[in-house]
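Structural overview for review
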Amino acid sequence: MHIAKDAIPVRINAPGAVARQLPDFGAATGSIGAAYFSLGSGTDLAPLLEGLDDDACHSPHWGYVITGDLVVTYSDGDAERCTTGDVFHWPAGHSVRVDEDAELILFSPQVEHGAVMDHICDKLAG
């Protein structure tokens, strides 16, 4: 699920401050980690996720695309494009391909995402 910043409903509009809020944007348990990703055009995480359940990332993520253009493909075959300025929630069971250099911030359950990152590091080292 993704949404452009301007499509998020304004909850507070006061002089010098605007707060946008979208309720029910996924659920998380446990500790949350933060990550900043810089991804080059053409990057495809699918080969690095091979060997995980459904060959997909099994951690949900919430985040913001600072710049770039990405395609997120889910284990059920659905896909969505996330671009500059989008706020997103990617449920567990996905992969990411970068169509245009991207910078993004992710917030993820620490244990699940740590296990996926360890798997990717092992693939890169192997």
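Structure: see above.
Residues numbered from 1 in each chain as written. Predicted model: local features only at pLDDT ≥ 70, side-chain atom pairs only at ≥ 80, totals over all residues. Heavy atoms only, no water.

**Remarks on unusual backbone geometry**
Glycine aside, residues mostly have negative phi, and peptide bonds are mostly found in the trans state. Positive phi outside glycine occurs at Asp54, with the angle close to 55 degrees. Mapped onto the secondary structure, Asp54 falls in the loop between α1 (46–49) and β5 (61–74). With phi around 50 degrees, Asp55 is a residue other than glycine that occupies positive phi space. As for its position among the elements, Asp55 is in the loop between α1 and β5. Look at Asp55 and you get partly exposed, because its relative accessible area is 43%. (Helix = DSSP H or I, 4+ residues; strand = E, 2+ residues; numbered from the N terminus. Buried < 20%, exposed > 50% of the residue type's maximum accessible area, 1.4 Å probe, protein only.)

**A few points about the nonpolar core**
Of all hydrophobic cores here, the largest spans 15 residues; its most connected members are Leu70, Cys82, Phe88, Trp90, Leu104 and Leu106. Mapped onto this core, the elements with two or more residues apiece are β4 (32–39), β5, β7 (86–90) and β8 (94–109). Considering each element in turn, this core owes the most residues, 5 residues, to β8. Look past the residues within four positions of Trp90 in its chain and what remains in contact with it is Ser59, Pro60, His61, Val72, Tyr74, Glu80, Cys82, Val96, Leu104 and Leu106. With 5 residues, the next largest nonpolar core counts Leu49, Cys57, Val116 and Ile120 among its residues. (Core = buried A, V, L, I, M, F, W, Y, C linked by side-chain atoms within 4.5 Å. Contact = heavy atoms within 4.5 Å.)

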